[in-house]
Amino acid sequence: MKSHKNESSAFTGAEEAKKLSVTELFRRLSSNENGLTTSEAEKRLQQFGSNEIPEKKVNPIVKFLGYFWGPIPWMIEAAVVVSAFIQHWTDFGIIFVLLMVNAVVGFWQEHKADNAIEMLKQKLAPKARVLRDGKWREIPARELVPGDVVRVRLGDIVPADIKLFEGDYLLVDESALTGESLPVEKHVGDVGYAGSIVRQGEMNALVVSTGMNTYFGKTARLVEEAKTQSHFQKAIIKIGDYLIVLAMILVAISFFVALFRHESILEILQFALVLIVAAIPAALPAVLSVTMAIGAIALAKREAIVSKLVSIEEMAGMDVLCSDKTGTITKNELTVGEVKPLTGFTEKDVLSFATLASREEDRDPIDDAIIAKANASHEVAEVIRHYKVTSFKPFDPVSKRTEATVEADNGTKFKVAKGAEQAILSLVVNKEAVGTDVDAIVDSFALKGYRALGVARTDEKGNWQFIGLIALYDPPREDSAETIKVAQSMGVHVKMVTGDHIAIAKEVARQVGLGTNIVTASAFVDKESSEAARVVEDADVFAQVFPEHKYHIVELLQGKGHIVGMTGDGVNDAPALKKADAGIAVAGATDAAKSAAAIVLTKPGLSVIIDAIKESRKIFQRMTNYAIYRICETIRVLFFITVSIIVFNFYPVTPRMIVLLAILNDIPIMTIAYDNVKYSDQPERWNMRILLGIATFLGIIGVFSSFGLLYIGREILHLNTEILQSFIYLKLSVAGHLALFVARTKGPFWSVKPAKILLLAVILTQLTATLITVYGVLLPAMGWSLAGLVWSYALALFLVTDFLKVRFYKLLAKP
């Protein structure tokens, strides 16, 4: 075996292979026609690498630390450090536990989703028949190397980019690569691409490119270029930063006022620390992770695997859905659309003789479509029953037709044929007479994007007669039109993206209820960015586009401020799936599409997407409710404590009370992930004017209500300092969770029933808060009478606040 040390420079792959003869390829890659030896294959595996697309792996430790040390928790971690520095170990343990909950939940949920995707990919790992050491054997396709001789046949996935050198022909489905639903003929000297599927024929071939050097691999490189960020995360971070800054400012004011009054620096530092812990959104990352994880579990039950949790959030705001046609909107299988007989024949004649010219065991997609149509007709089945096929010639790429000899019950014999209309027309003796009619029918099919198939039979003299034509097309899925209609009713503009001819795209768009503004790639490629963006934004359907065009479409839409979803199943969809805010791989998608997508559907059709949109909008609503509650609480607690210290020179609660407040209010709030909510009929957007407006309004009401109770306890009941602090603590705790029930609805608090788990969590935590103040556990005891007064006061203010909230929402809704 000769050396191949310089092979990688001497041979670059499929593009060069197209220009080289098979003999030259063998000379460069192999020393004989018995295939590579095992040792040579091992050497080449080391030289060229595995025949699979490498994925960018993230170290699990790094991923875990990403959840632990994210953009929001940095202040919480600072509080942990300060706690340790001043040896305030109780606070240290509490804050550290909150951080661990966030890190573990986020990491574990995404880890489980990654494992689900990996299991799917392992199930779909392809095999290859390869000639090694002069013997044919089956090996994992990832072990192929350039120079291997492989055999591909019906049903095989082409394992690498190959050059065909022996055999008659192949009929190859390249829809996963090009978007073209009709099979492509391949002959000796042609190149077959990795990922395509052999529909007919059997040939031997030479492997010319593997891994990242294949067409598949080049597409994967484009996928790696796509980088996205979560709009939802950005908004959550902004809210978190806002609360942190507000807390720092108010705590700093309290700190300097205390210094001015010459109070103990250590006590001031301790109080400032716990006040920050209570004010900043310690549970915000954990609530976000748990809410998304619950959504992912709900979607999994509906046959959708979520591989990137933030994609659920992105779908809440998705206002444009770019959907691939082949295999997504359509079935990716040929179907009979129309049957047009010529003069003297009927539709039954055309379909009957076309069926006799088909053979089911060949599994040819055209034959399958015709046989399925015939089986659906009782009349055609009855006609066929009276005939017997005595000989059959399968499809011949040269003659471009199938042919069968048929014997009737009465012993009469004749031939039938089906194939390309021009090939069938060349058989008949009266081609001039019928040619005009045939051309007219073919043109009418072309306007609808149909492929024409001619059918003929011989008469008693053996002369061929053109019976009629059959229209073939790739039909929409049964649920596509309804799914698109529902998506549009929810404010999502569905745009179909396909590599097929504009006529096909137009007909499919008509059948599924899409708009009529159909454009090709030339309408936006190499145009000014503003003009290109306008064309893309206005278009309903994109036809005759390539993978890089799909990527560009998503990019232009995002540039116009849209949150873009992309569905697809093929390698050609992977870059756009990765670039999109919400990439969705449909059932049966290729590994490339699954790896690039954020959500992988395991059930055929698009209906699951509607479930995903609804679920994501519910999650968005839960997070909005939590954000309103959290901002309200920060204003309510911080402003009350700060003003009390500055104006009255009084600390209304102790550091220990603030720590308990953080525990009892923040940890149970994670049950909001299970809360009942009403999803919006339109894409969600962060409306900071309304969110901050209502949160500030509720917070200010809470501040005044706290001062009202402080006045009652101090001036009317004349409580001593310790009892008064327990009195105020219970009010802050009870009113805090009652504020959640105000914040979670735009209408009256009873308009949406709370989830049982949320209600139970609030009852248990507030019962705990009540008992520790009544009986003096960790805090000064104040008895049941004062506790009853606090509850009565908090409930009365809760009803008043809820009434005012509904009116304030109406005020904010005005332009």
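All values derive from a computational prediction rather than experimental measurement. (Residues numbered from 1 in each chain as written. Predicted model: local features only at pLDDT ≥ 70, side-chain atom pairs only at ≥ 80, totals over all residues. Heavy atoms only, no water.)

S.K.: What is the right way to read the overall build of the protein from this model?
M.R.: Check the secondary structure of the protein and you find 31 helices and 21 strands. Counting only contacts in the protein whose residues sit at least 6 apart along the sequence, the fraction spanning at least 24 positions is 73%. Taken as a whole, the protein presents about 34800 Å² of accessible surface, with 58% of it coming from carbon and sulfur. (Helix = DSSP H or I, 4+ residues; strand = E, 2+ residues; numbered from the N terminus. Contact = heavy atoms within 4.5 Å. Areas by Shrake-Rupley, 256 points an atom, 1.4 Å probe, with all protein chains shown as cover.)

S.K.: Please explain the nonpolar core as it appears in this structure.
M.R.: Grouped together as the largest cluster of nonpolar side chains are 71 residues, with contacts concentrated most on Ile 628, Val 653, Phe 727, Tyr 729 and Met 782. Contributing elements (two or more residues each) for this core: helix H10 (231-260), helix H26 (607-648), helix H27 (655-666), helix H28 (688-716), helix H29 (721-743), helix H30 (756-774) and helix H31 (783-813). With 14 residues, the top contributor of residues to this core is H29. (Core = buried A, V, L, I, M, F, W, Y, C linked by side-chain atoms within 4.5 Å. Buried < 20%, exposed > 50% of the residue type's maximum accessible area, 1.4 Å probe, protein only.)

S.K.: Can you help me understand the confidence of the model for the protein in this one?
M.R.: Segments scoring low in pLDDT should not have their predicted coordinates read at a detailed level. With 77% of its residues at a pLDDT of 70 or more, the protein has an overall mean of 78. Contacts for the low-pLDDT stretch residues 1-12, under 50 throughout, to residues beyond four places or in other chains number 32 contacts. Note that residues 223-228 has pLDDT below 50 and, in this model, 15 contacts with residues that lie over four places away or in other chains. (pLDDT = per-residue confidence, 0-100.)

S.K.: Can you help me understand the environment of Met 688 in this one?
M.R.: Examined against the element boundaries, Met 688 turns out to sit in helix H28. Taking relative accessible area as the criterion, Met 688 reaches 26% and is therefore assigned partly exposed. Along the primary structure Met 688 and Ala 235 are separated by 453 residues, whereas in three dimensions their C-alpha atoms are 9.3 Å apart. The contact partners of Met 688, leaving out residues within four places of it in the chain, are Ala 235, Ile 239 and Gly 693.

S.K.: Explain the pairing of strand E14 (residues 451-458) here, please?
M.R.: Remember that side chains alternate between the two faces of the sheet whenever the strand is regular. Most of E14 is tucked away, with seven of its eight residues classed as buried. Relative to strand E15 (residues 464-473), E14 runs antiparallel, the two being bridged by eight bridges. The partner of Leu 453 across the bridge, within E15, is Ile 470. A loop of five residues connects E14 with E15, the two strands running antiparallel in sequence, and Gly 462 in this loop sits at a positive phi of about 85 degrees. (Pairing = 2+ DSSP bridges.)

S.K.: What's the story with H26 in this structure? I'm lost.
M.R.: Residue pairs three or four apart in sequence face the same way in an α-helix, which turns once every 3.6 residues. Under the 1.5 Å per step criterion, the end-to-end length of H26 is 61 Å for 42 residues, consistent within 8% with the ideal 62 Å. Within H26, 33 of the 42 residues are buried, which leaves it mostly tucked inside the rest of the structure. Looking at the residues trailing H26, positive phi occurs at Asn 649, about 50 degrees. (Expected span 1.5 Å × (residues − 1).)

S.K.: Mind showing me how you'd approach the sheet that holds strand E19 (residues 564-568) here?
M.R.: Two modes of strand pairing occur in sheets, parallel and antiparallel, and in both the strands are linked by backbone hydrogen bonds. Ordered in space as E8-E21-E20-E19-E9-E16-E18-E17, the eight strands form an open sheet in which the pairing is mixed. Single-partner strands in this sheet number two, and they are strand E8 (304-306) and strand E17 (518-520). Strand-to-strand, the axes of this sheet are offset by a mean angle of 20 degrees, without reference to chain direction. Where E19 meets strand E20 (residues 582-585), four bridges bridge the pair, whose relative direction is parallel. Within the sheet, the bridge partner assigned to Thr 567 lies in E20 and is Ile 584. (Axes fitted to C-alpha atoms, helices over the stretch in contact; angles between N-to-C directions.)

S.K.: Help me understand a nonpolar patch on the surface in this model?
M.R.: Side chains of Val 245, Ile 249, Ile 253, Ile 646, Val 647 and Phe 648 sit close together on the surface and give an oily, nonpolar patch of about 510 Å² of accessible area. Residue placement: Phe 648 occurs in helix H26. (Patch = residues over 30% accessible without salt bridge, like charges linked within 9 Å, V, L, I, M, F, W, Y side chains within 5 Å. Salt bridge = Lys/Arg side-chain N within 4 Å of Asp/Glu carboxyl O.)

S.K.: Just to check I follow, could you spell out the sheet that holds strand E13 (residues 413-419) for this structure?
M.R.: Reading across from one edge, E10-E15-E14-E13-E12-E11 is the order of the six strands in this open sheet, with antiparallel pairing throughout. Of all strands in the sheet, those bounded by a partner on one side alone are strand E10 (335-341) and strand E11 (387-396). Averaged over all adjacent pairs, the angle separating strand axes in this sheet is 20 degrees, with direction ignored. The sheet contacts of helix H19 (residues 431-447) involve E10, E14 and E15, and relative to E15 the element is tilted by about 5 degrees.

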